[in-house]
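Single-letter residue listing:
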Amino acid sequence: MPGAPSRVLTDHGRALDTALLGGPRTLTIDELAEKTHLSHDFLKTYWQALGLPILGPEQASFTEDDAQALRDIAAIAETEQLSTRSLTTLVRSVGHTTERLALWQAEALVEHMASRYELDDTSARLLVLERLPSLAPVLEAQLVHAWRRQVAALAGRWSVEFSDARAVDETGAGELPLPRAVGFADIVSFTTRTARLRSSELSDFVSDFEAGARDVITAAGGRVVKTIGDAVLFIADDVRTGAQVALGLARAGRDGELENVPPVRVSLVWGRVLSRFGDVFGPSVNLAARLTAEADPGTVLLDPATAALLAGDADFALTEKPPREVQGLGQIAPVRLQRAYSPGS
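As the structure is a computational prediction, the values presented were derived from the model and not from experiment.

**Description of the overall build of the protein chain**
The secondary structure content of the protein chain amounts to 11 helices and 10 strands. For the protein chain, the spread of C-alpha atoms along the principal axes amounts to about 70 × 60 × 35 Å. Split into buried and exposed, the 345 residues of the protein chain put 33% on the buried side. Long-range contacts, defined here as pairs at least 24 residues apart, represent 64% of the contacts in the protein chain between residues at least 6 apart.

**Thoughts on the layout of surface pockets**
The calculated volume of the second largest pocket comes to roughly 630 Å³. Around the second largest pocket, the lining is made up of 23 residues, and of these Trp-104, Glu-107, Glu-111, Ser-203 and Ser-207 lie nearest the centre. Contributions of two or more residues to the lining of the second largest pocket are made by helix H5 (84-117), helix H6 (121-162) and helix H8 (199-219). Per element, the largest residue contribution to the lining of the second largest pocket is 10 residues, and it comes from H8. Its residues assigned to classes, the lining of the second largest pocket comprises 9 nonpolar, 6 polar and 8 charged. A domain-level breakdown of the lining of the second largest pocket finds at least three residues from each of domain 1 (4-161) and domain 2 (176-339).

**A word on the domain arrangement of the protein chain**
Under the domain assignment, the protein chain is made up of domain 1 (4-161) and domain 2 (176-339). In this structure, domain 1 and domain 2 have C-alpha centres spaced 34 Å apart. Opposite the 6 residues of domain 1 that make contact, domain 2 presents 8 residues. Between domain 1 and domain 2, roughly 520 Å² of surface is buried when both sides are summed, and carbon and sulfur atoms account for 35% of that area. A per-residue breakdown of the area domain 1 buries against domain 2 is headed by Glu-111, Arg-157 and Glu-161, which together make up 62% of the total. The element best represented in the side of domain 1 that touches domain 2 is H5, accounting for 4 residues. When the residues that make up the side of domain 1 that touches domain 2 are grouped by side-chain class, the tally is 1 nonpolar, 1 polar and 4 charged.

**Thoughts on the side chain of Thr-88**
Here Thr-88 lies in helix H5. Polar contacts involving the side chain of Thr-88 include one to the main-chain carbonyl oxygen of Thr-84, which spans 2.7 Å. When neighbours within four sequence positions are excluded, Thr-88 is seen to be in contact with Thr-45 and Ala-49.

**A word on a negative patch on the surface**
Side chains of Asp-30, Glu-31, Glu-34 and Glu-58 sit close together on the surface and give a patch of like negative charge. In this fold, Glu-34 is placed in helix H2 (residues 29-36).

**Observations concerning the packing of helix H3 (residues 40-49) against H5**
Two elements in contact, H3 and H5, have axes whose closest approach is 8 Å; the angle formed by their N-to-C orientations is 40°. Relative to H5, H3 is oriented oblique. On the side of H3, the interface is formed by Phe-42, Thr-45, Tyr-46 and Ala-49, while H5 contributes Leu-87, Thr-88, Val-91, Arg-92 and Gly-95. Counted by class, the contact of H3 with H5 contains 5 nonpolar, 3 polar and 1 charged residues.

**What about the packing of aromatic side chains?**
Taken as a whole and judged by the stated rule, the model has 4 aromatic pairs. Between Tyr-46 and Trp-47, the ring centres sit 6.1 Å apart and the planes meet at 35°, which makes this aromatic pair tilted. Trp-47 sits in the buried class, given a relative accessible area of 9%. Between Trp-47 and Phe-62, the ring centres sit 5.0 Å apart and the planes meet at 75°, which makes this aromatic pair edge-to-face. Here Trp-47 is found in helix H3, whereas its partner Phe-62 is found in the loop between H3 and helix H4 (64-80), with 15 residues between them in sequence.

Cut-offs and rules
- Residues numbered from 1 in each chain as written.
- Predicted model: local features only at pLDDT ≥ 70, side-chain atom pairs only at ≥ 80, totals over all residues.
- Heavy atoms only, no water.
- Helix = DSSP H or I, 4+ residues; strand = E, 2+ residues; numbered from the N terminus.
- Buried < 20%, exposed > 50% of the residue type's maximum accessible area, 1.4 Å probe, protein only.
- Contact = heavy atoms within 4.5 Å.
- 1 Å grid on protein atoms, 1.4 Å probe; cavity = no way out; pocket = protein on both sides within 12 Å on 5 of 7 lines; lining within 4 Å.
- Points joined across faces, edges and corners; volume = space filled by probe spheres on them.
- Nonpolar A, V, L, I, M, F, W, Y, C, P; charged D, E, K, R; others polar.
- Domains from an automatic or database assignment.
- Buried area = accessible area lost by both parts, 1.4 Å probe.
- Polar contact = N/O pair within 3.5 Å; in protein donor to acceptor, adjacent residues only side chain to side chain.
- Patch = residues over 30% accessible without salt bridge, like charges linked within 9 Å, V, L, I, M, F, W, Y side chains within 5 Å.
- Areas by Shrake-Rupley, 256 points an atom, 1.4 Å probe, with all protein chains shown as cover.
- Salt bridge = Lys/Arg side-chain N within 4 Å of Asp/Glu carboxyl O.
- Lys, Arg positive; Asp, Glu negative; His and termini not counted.
- Charge placed at Lys NZ, Arg CZ, Asp CG, Glu CD.
- Axes fitted to C-alpha atoms, helices over the stretch in contact; angles between N-to-C directions.
- Parallel < 35°, antiparallel > 145°, perpendicular 65-115°, else oblique.
- Phe/Tyr/Trp six-rings, centres within 6.5 Å; stacked < 30°, edge-to-face > 60°.

Next up, the structure:
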């Protein structure tokens, strides 16, 4: 087909395969099925969940490492009696995360090469390709190390939160399972400020905000759920920590602690959420998103129920705001959160 990318690997491409994939692509899907004793349906479901294309049946697309990975996940699925839905979710979580991670890291390296060696974009990308065989093992080790630390941190939080808890809803019905403080920080006038930025300037602007916001959230004891262009969604395990995170974000944007980022509007809501796919869902998330749009630049808004939980805390000051109609939620009387005895905070 005219204009279609070639599937024939160059010598450099084969060298990259050896470095990144542990060996050459020698197996067709039929040979992969025979070697792993897995059905074609299982193989296709796994590969698609990983976010990778399956080429023609005669194309040698798979490696011995691919075969081992498939045998390993199939063994876990059998031992744990994973449903197809659960297995696909586990595989998709890896595929989705690593696809974004690979692109993020590659683009960071391109930016570095272009800056360090004063290269155009194409030349910088070609240089990254040359360096990947030596860089990949270090990045891989960092990925494994970070994953282990994150799982250990998650296990630690769960052991504290649930070690003395009793199962009260075995059917999965009823209220959402996790009590959490949920908040948003939204850049003020994002569209106006970024309308005339060049691509490199926009990249720097968004990167500064994401990195700066993540640092503030983590330092205060919260966790970033995701960034959405001009906004960041965060959670905390208790309402007081959530309040510290929200105030930290408002102050950082207002006082210029987030480099090159204007003031942010911030919200915080305490409620129960459902955690799935690395995201959180529930009425409190929706309410927090709506409250963010109602906040003034550099301020934090709460709903009345969350404000009531903080009312007895001497570290915080609460100011009721006039009731207002919030689209989709009706009339709400928001409450401004400030640090106690610190005017303008």
